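Overview (structure and organization)
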Amino acid sequence: MLKILVVEDDESISNLITINLKKEGYSCACAYTGVDAADLIEENNYDLVLLDILLPDFNGYEILEYIRPTGIPVIFITAKGQVEDRIKGLRLGADDYIVKPFQIGELIARVEAIMRRVGKGSCEYTAFDVVINANAHTVTKGGVNVELTVKEFDLLVELVRNKNVALYRGRLYETVWGEPFTGETRTLDSHIQRLRKKLGWEQQIQTVFRIGYRLEV
């Protein structure tokens, strides 16, 4: 099980992050100050650190300097959203930078992306009785193979990775088809209809008015 350290002084935000990461199968520890974070990092092996910048003692930049020699990937999660703040954080060695407020689905997707980048990501996703193996490119429902086209498969992965998040049609199209979205939705809509039918997810894949689609779990 991959271990993530959440360094965040706002307990409500820390709880929100850890609850949702645990639902995704991660093991989480929390630190509310820079000193606590340094102690935990010295005593434990973590696969990723989610790090706030505005902490009550040390700031996140100083903690990043402490973490960097360990090689542990770091995602900054902060209210400091100016371009110069992002540039500073990334140049100091953070692997990603997320500005508050954020959608929990986006955070989980970014965590998964970094875990894959460092060779620790899960290749398997689940939703209801559907299991998706990204490496083998297979989908089963209740243990029975489901045949999907390449685009249907990629679309399904994107929906499952962002469970309960409303995804814009443009984002879905550009992510799955890898080309600019021109506003023509028939291709995307037809693929969604086929996914609903093949998986029996007529109610689970919901249409979000004027936005796009959401996998409701």
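These lines cover the structure that appears in this document, whether it is placed above or below. From a predicted model like this one, the values you see are computed outputs, not experimental measurements.

What counts, and at which threshold
Residues numbered from 1 in each chain as written. Predicted model: local features only at pLDDT ≥ 70, side-chain atom pairs only at ≥ 80, totals over all residues. Heavy atoms only, no water. Helix = DSSP H or I, 4+ residues; strand = E, 2+ residues; numbered from the N terminus. Buried < 20%, exposed > 50% of the residue type's maximum accessible area, 1.4 Å probe, protein only. Polar contact = N/O pair within 3.5 Å; in protein donor to acceptor, adjacent residues only side chain to side chain. Axes fitted to C-alpha atoms, helices over the stretch in contact; angles between N-to-C directions. Parallel < 35°, antiparallel > 145°, perpendicular 65-115°, else oblique. Left-handed = near helix turned anticlockwise from the far one by under 90°. Contact = heavy atoms within 4.5 Å. Pairing = 2+ DSSP bridges. Patch = residues over 30% accessible without salt bridge, like charges linked within 9 Å, V, L, I, M, F, W, Y side chains within 5 Å. Areas by Shrake-Rupley, 256 points an atom, 1.4 Å probe, with all protein chains shown as cover. Salt bridge = Lys/Arg side-chain N within 4 Å of Asp/Glu carboxyl O. Lys, Arg positive; Asp, Glu negative; His and termini not counted. Charge placed at Lys NZ, Arg CZ, Asp CG, Glu CD.

1. Let's talk about the side chain of Asp47
Considering the arrangement of structural elements, one finds Asp47 in the loop between helix 2 (34-43) and strand 3 (48-51). Residue classification places Asp47 among the buried residues on the basis of a relative accessible area of 13%. Reaching out from Asp47, the side chain makes a polar contact with the backbone nitrogen of Lys3 at a distance of 2.7 Å.

2. With respect to the packing of helix 1 (residues 11-23) against helix 5 (residues 104-117)
One can describe the packing of helix 1 onto helix 5 by two numbers: an axis separation of 11 Å at closest approach and a directional angle of 60°. Taken together, helix 1 and helix 5 sit at an angle that is classed as oblique. The two elements helix 1 and helix 5 meet at a crossing, and its hand is right-handed. Residues Leu16, Ile17, Asn20 and Leu21 of helix 1 pack against Ile104, Leu107, Ile108 and Val111 of helix 5.

3. Thoughts on the sheet that holds strand 5 (residues 96-99)
Taken together, the 5 strands give an open sheet; going across it, the order is 2-1-3-4-5, and neighbouring strands pair in parallel fashion. Of all strands in the sheet, those bounded by a partner on one side alone are strand 2 (27-31) and strand 5. With direction set aside, neighbouring strand axes in the sheet form an average angle of 20°. Here 3 bridges tie strand 3 to strand 4 (residues 74-78), and the two strands are oriented parallel to one another. In the sheet register, Leu51 faces strand 4, and the bridge partner there is Phe76.

4. Overview of a negative patch on the surface
Taken together, the side chains of Asp36, Asp39, Glu42, Glu43, Asp57 and Glu62 present a region of like negative charge at the surface. Among the secondary structure elements, Asp39 is positioned in helix 2. Its relative accessible area of 37% is what places Asp39 among the partly exposed residues.

5. What about the pairing of strand 8 (residues 138-141)?
Strand direction decides the pairing type here: strand 7 (residues 130-133) and strand 8, joined by 4 bridges, are antiparallel. Bridge pairing in strand 8 links Ile132 to Val139. In terms of strand pairing, strand 8 meets strand 9 (residues 144-145) through 2 bridges, oriented antiparallel. Bridged to Thr140 within strand 9 is Asn145. The turn linking strand 8 back onto strand 9 is made up of 2 residues, and Gly142 within it adopts a positive phi angle of 60°.

6. A word on the sheet that holds strand 9
With respect to topology, 4 strands assemble into an open sheet ordered 6-7-8-9, the strand pairing being antiparallel. Of all the strands in the sheet, just strand 6 (124-127) and strand 9 have a single pairing partner and so form its edges.

7. Structural notes on the pattern of salt bridges
Side chains carrying opposite charge are able to pair once their charged atoms draw close together. The full count for this structure, using the stated rule, is 15 salt bridges. Of the charged contacts in the structure, one is a salt bridge between Glu24 and Lys163, with a shortest N-O distance of 3.5 Å. In this pair, Glu24 is assigned in the loop between helix 1 and strand 2 and Lys163 in the loop between helix 6 (150-161) and strand 10 (167-168), connecting sequence segments 139 residues apart. Among the salt bridges present, the one from Lys100 reaches Asp52, with a minimum N-O distance of 3.5 Å. Here Asp52 lies in the loop between strand 3 and helix 3 (60-67) and Lys100 lies in the loop between strand 5 and helix 5, a separation of 48 residues in the sequence. For Lys100, a relative accessible area of 19% puts it in the buried group. The exposure class assigned to Asp52 is buried, which follows from its relative accessible area of 3%. Ionic contacts of the salt-bridge type, sharing partners, join the residues Glu8, Asp52 and Lys100 into one network.

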